[in-house]
Structures are given as C-alpha cells and as structure tokens.
Amino acid sequence: MKSLNITGTRSTPDILCNPDTGVVAMSGDSYPENSFEFFNEVIEWVEQFLAQGERPLRLELRLIYMNTSSVKAMMDIFDLLEAAFGQGRQVLVQWFYDPDNERVVELAEEFREDCSFPFDILPHD
C-alpha cells in the first residue's frame, strides 16, 4: 500500500496517509470547492488500510476551519473508523487545537459525541 500525500492550499488541508505508521494526518483549513471530490482519495485510502491486516489506525487532526461539506466528509471517515472499532480494530483520533480557538474545540467535541472509539482533544502550542 502506498502513502498518500496531498499538499494543502489556502482552502485545503495538508494530508499525509502513511501505511507504515498507520497515521492519517491533516492540518490547515478545509473549505475546498468540492469536498467530496477532495476527500474521496483519503476515504478510499482509509478503506483500503482498514481492509488490509489488523494494524491500528490513528487520525491526527490539526484543522483550523471546516466548511459544512468538509464536516460531512470527515463524518464519513469517522463512520469508517467506528465500523472498524466495532469489529475490534484499534483506532484513535487525536484532534489538536490552538487553545485560543474555542470553535475548533466545540467542533471536535461535537464529533466525539458520536464516536465510541478513543477520541482525544488536545491543546497544542
């Protein structure tokens, strides 16, 4: 399985999916013109990773802003993690936020409410 590396822009996050470490890292703003098209590769990568073997998957988020369609795409990713967790797979979300940005904390907490897998919301410098 190959790594997936998407270089961020002003309106899209940097995304790195590493099959060796089992880490999907996203950072930046997310308000692409077409969120479903933008996140499709990431969703497919997560599906493939979860279908191969039993290694843990960790989603590391450092997202600053997400538009509504990006939130929906992220919910699709969380649904994949939830299903895998329900089948005994180790999954973890770590959402890092700027302590000065309360909106990100509120968004992360809303996501966490719908998840039964481990989901940490952590301040970063």
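Keep in mind that what you see is a predicted model, and the values were worked out from it rather than measured.

Student: Which parts of the structure should I look at to understand the sheet that holds strand E4 (residues 57–66)?
Tutor: To summarise the sheet geometry, strands pair through backbone hydrogen bonds and adopt either a parallel or an antiparallel arrangement. Spatially, E1-E2-E3-E4-E5-E6 is the arrangement adopted by the six strands of the open sheet, whose pairing is mixed. Each edge of the sheet is formed by a strand with only one pairing partner; in this case those strands are strand E1 (4–6) and strand E6 (119–123). Each neighbouring strand pair of the sheet contributes to a mean axis angle of 15°, computed without reference to strand direction. Across five bridges, the pairing between E4 and strand E5 (residues 91–97) is parallel. Bridging across to E5, Glu60 finds its partner in Gln94. The strands touched by helix H2 (residues 68–86) are strand E3 (23–30), E4, E5 and E6; relative to E4, the strand with the most contacts, the crossing angle is about 165°.

Student: Hey, could you run me through the pattern of salt bridges in this one?
Tutor: It is possible for side chains of opposite charge to pair when their charged atoms get near one another. What the rule picks out here adds up to three salt bridges. Residues Arg62 and Glu60 are paired through a salt bridge, measuring 3.6 Å at the closest nitrogen-oxygen approach. Using a relative accessible area of 34% as the deciding quantity, one classes Arg62 as partly exposed. One salt-bridge network, held together by shared partners, links Arg58, Glu60 and Arg62.

Student: Looking at this structure, I do not really get the confidence of the model for the protein chain. What am I missing?
Tutor: Residue-level pLDDT values for the protein chain average 95, and 99% of them are 70 or greater. Helix H3 (residues 102–113) is the least confidently modelled element of the protein chain, averaging 93 in pLDDT, while strand E2 (residues 14–18) averages 98, the highest of any element.

Student: Quick question: what am I supposed to make of the packing of aromatic side chains here?
Tutor: The geometry of two aromatic rings is summed up by the distance between their centres and the angle between their planes. Taken as a whole, this structure holds 10 aromatic pairs when the rule is applied. Aromatic side chains Phe117 and Phe119 sit 6.4 Å apart centroid to centroid with 20° between the ring planes, which places their arrangement in the stacked category. Residue classification places Phe117 among the buried positions, given a relative accessible area of 4%. For Phe119, a relative accessible area of 6% translates into the label buried. These aromatic residues form a ring-pair network of at least three members: Phe78, Phe85, Trp95, Phe111, Phe117 and Phe119. When the ring centre of Phe96 is taken as reference, the NZ or CZ atom of Arg62 above it lies at 4.2 Å.

Cut-offs used in this document
- Residues numbered from 1 in each chain as written.
- Predicted model: local features only at pLDDT ≥ 70, side-chain atom pairs only at ≥ 80, totals over all residues.
- Heavy atoms only, no water.
- Pairing = 2+ DSSP bridges.
- Helix = DSSP H or I, 4+ residues; strand = E, 2+ residues; numbered from the N terminus.
- Axes fitted to C-alpha atoms, helices over the stretch in contact; angles between N-to-C directions.
- Contact = heavy atoms within 4.5 Å.
- Salt bridge = Lys/Arg side-chain N within 4 Å of Asp/Glu carboxyl O.
- Buried < 20%, exposed > 50% of the residue type's maximum accessible area, 1.4 Å probe, protein only.
- pLDDT = per-residue confidence, 0-100.
- Phe/Tyr/Trp six-rings, centres within 6.5 Å; stacked < 30°, edge-to-face > 60°.
- Lys NZ or Arg CZ within 6 Å of the ring centre and 35° of its normal.

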